[in-house]
Each structure stands twice: as structure tokens, then as C-alpha cells.
Amino acid sequence: MKILVEISVGELFDKITILKIKTEKIKDQNKLNNINLELEILNKEAIKIINPSAEIIENIEKLKNINTELWDIENLKRELEAKKDFSENFINISREVHFKNDNRAIIKKKINVLTQSNVTEEKEYTKY
């Protein structure tokens with residue numbers, strides 16, 4: 001089955017960065033086959049953005065850095081969960097997730113504005 005949907009440019013690059021991280025972190029060849037297929041499909045769309053500005057490229061790199069940090073944080077949270085270690089460290093790490101996701105949303109929005117994306121993802125959360 002094939003489903004085609006329009007997404008924001010920020011979401012496209014967010015997904016691409018996550019897939020690139022998966023190619024670096026995941027070792028299972030069957031999973032990598034699926035990851036690489038999806039990455040190839042999304043990259044075919046990404047190359048349609050001709051001559052992306054330095055600012056777009058910089059924001060894509062920021063997305064990859066945040067997504068890498070989130071990957072590591074989520075793994076650490078799972079390790080602490082497995083140990084039933086709900087110390088201050090667990091709380092601080094858990095809080096980092098929403099701070100990083102908030103930054104991630106800001107960067108995706110910047111990419112959408114810079115590329116004049118037709119679709120723009122909107123977020124609204126309780127203030128902290």
C-alpha cells in the first residue's frame with residue numbers, strides 16, 4: 001500500500017534526520033532495510049528544494065543534533081526505568097525531553113518559514 005500526504009518541509013527534514021540517526025544507531029539489517037527505503041523515498045522529495053540557503057542547512061543540522069540528544073535521553077530514561085531508578089536524575093532527564101521538543105518545534109517552524117512551506121505544523125502547550 002502506498003499513501004501520499006503533504007507534510008511541512010520542517011517535518012520532512014525532521015523525519016530525515018531521525019532516519020539518519022537510526023542508520024547510525026540500529027544494527028539489525030532487516031530494520032535497516034526498511035529505514036533505508038524510507039530514507040531514500042524522503043530524500044527524493046528533499047532534493048526538490050533547490051539550493052537550500054545556509055540558514056536552512058544550519059537548521060537541519062540543529063534538528064539532527066536535537067534528535068540525537070533525544071535518542072540518547074530516551075535510551076537513558078529506559079535504562080533508569082528498567083532499574084526502577086526514579087531519582088532526581090530520572091526527573092531531570094525526563095524534563096529535558098519537553099525542553100528539547102520545544103526547541104525542535106521552533107526549528108521546524110523556522111524551516112517552514114524559510115522554505116515557504118504550504119503546510120506548517122502548529123504546537124501549543126501549557127506554559128511552564
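This one's a predicted model, so the numbers in the text were calculated from it and none came from an experiment.

Novice: Got a minute to help me understand the overall build of the protein in this structure?
Specialist: Helix and strand counts for the protein come out as four helices and zero strands. What you see in the protein, going N to C, is helices and strands ordered as α-α-α-α. Structurally, the protein occupies a C-alpha span of about 50 × 40 × 30 Å along its principal axes. A burial count over the protein gives 30% of its 128 residues as buried. Considering only contacts within the protein whose residues lie at least 6 apart along the sequence, 69% involve residues at least 24 apart. For the protein, the exposed area adds up to about 9100 Å²; of that, 53% sits on carbon and sulfur atoms. Of the charged side chains in the protein, 23 are positive and 23 negative, and the gap between their average positions amounts to 2 Å.

Novice: Sorry, what's going on with the nonpolar core here?
Specialist: Generally speaking, a soluble globular protein has its nonpolar side chains buried in company with each other. Phe13, Ile16 and Ile111 are the most contacted members of the largest nonpolar core, which totals 23 residues. Taken together, the elements giving at least two residues each to this core come down to helix H1 (9-25), helix H2 (29-46), helix H3 (54-82) and helix H4 (88-115). If sequence neighbours within four positions are ignored, Ile111 has contacts with Val9, Gly10, Phe13, Asn59, Ile60 and Leu63.

Novice: Could you clarify how one ought to interpret the packing of aromatic side chains in this entry?
Specialist: The full count for this structure, using the stated rule, is two aromatic pairs. Centroid distance Phe86 to Phe90: 5.1 Å. Interplanar angle 90°. Geometry classified as edge-to-face. On the basis of relative accessible area, Phe86 is assigned to the partly exposed category, the value being 43%. Between Phe99 and Tyr128, the aromatic rings sit 5.1 Å apart at their centres with planes inclined by 65°, giving edge-to-face as the arrangement. Remark: Tyr128 occurs in the segment after H4 and Phe99 occurs in helix H4; sequence separation between them is 29 residues. You can call Phe99 partly exposed: its relative accessible area is 24%.

Novice: Can you walk me through the side chain of Asn112 in this structure?
Specialist: Looking at the element boundaries, Asn112 is found in helix H4. Setting aside residues no more than four positions away along its own chain, Asn112 makes contact with Ser8, Val9, Gly10, Ser117, Val119, Thr120 and Glu121.

Novice: Before we go on, may I ask you to explain H1 in this structure?
Specialist: Each full turn of the α-helix corresponds to 3.6 residues, which orients residues three or four apart in the same direction. For H1, which comprises 17 residues, the first-to-last C-alpha distance of 24 Å matches the rise-based estimate of 24 Å (1.5 Å per residue) to within 8%. All buried positions along H1 are accounted for by Val9, Gly10, Leu12, Phe13, Asp14, Ile16, Thr17, Leu19 and Ile21. Of the surrounding elements, those touching the buried residues of H1 are H2, H3 and H4.

Novice: For this particular structure, what's the right way to read the environment of Gln116?
Specialist: Here Gln116 is to be found in the segment after H4. Assessed through its relative accessible area of 68%, Gln116 is described here as exposed.

Novice: How should I be thinking about H4 in this particular structure?
Specialist: Counted at 1.5 Å a residue, the expected span for H4 with its 28 residues is 40 Å, and the 41 Å between its end C-alpha atoms agrees. Tucked inside the fold, the buried residues of H4 contact H1 and H3. Looking at the residues trailing H4, positive phi occurs at Gln116, about 55°.

Thresholds, definitions, all that
- Residues numbered from 1 in each chain as written.
- Predicted model: local features only at pLDDT ≥ 70, side-chain atom pairs only at ≥ 80, totals over all residues.
- Heavy atoms only, no water.
- Helix = DSSP H or I, 4+ residues; strand = E, 2+ residues; numbered from the N terminus.
- Buried < 20%, exposed > 50% of the residue type's maximum accessible area, 1.4 Å probe, protein only.
- Contact = heavy atoms within 4.5 Å.
- Areas by Shrake-Rupley, 256 points an atom, 1.4 Å probe, with all protein chains shown as cover.
- Lys, Arg positive; Asp, Glu negative; His and termini not counted.
- Charge placed at Lys NZ, Arg CZ, Asp CG, Glu CD.
- Core = buried A, V, L, I, M, F, W, Y, C linked by side-chain atoms within 4.5 Å.
- Phe/Tyr/Trp six-rings, centres within 6.5 Å; stacked < 30°, edge-to-face > 60°.
- Expected span 1.5 Å × (residues − 1).

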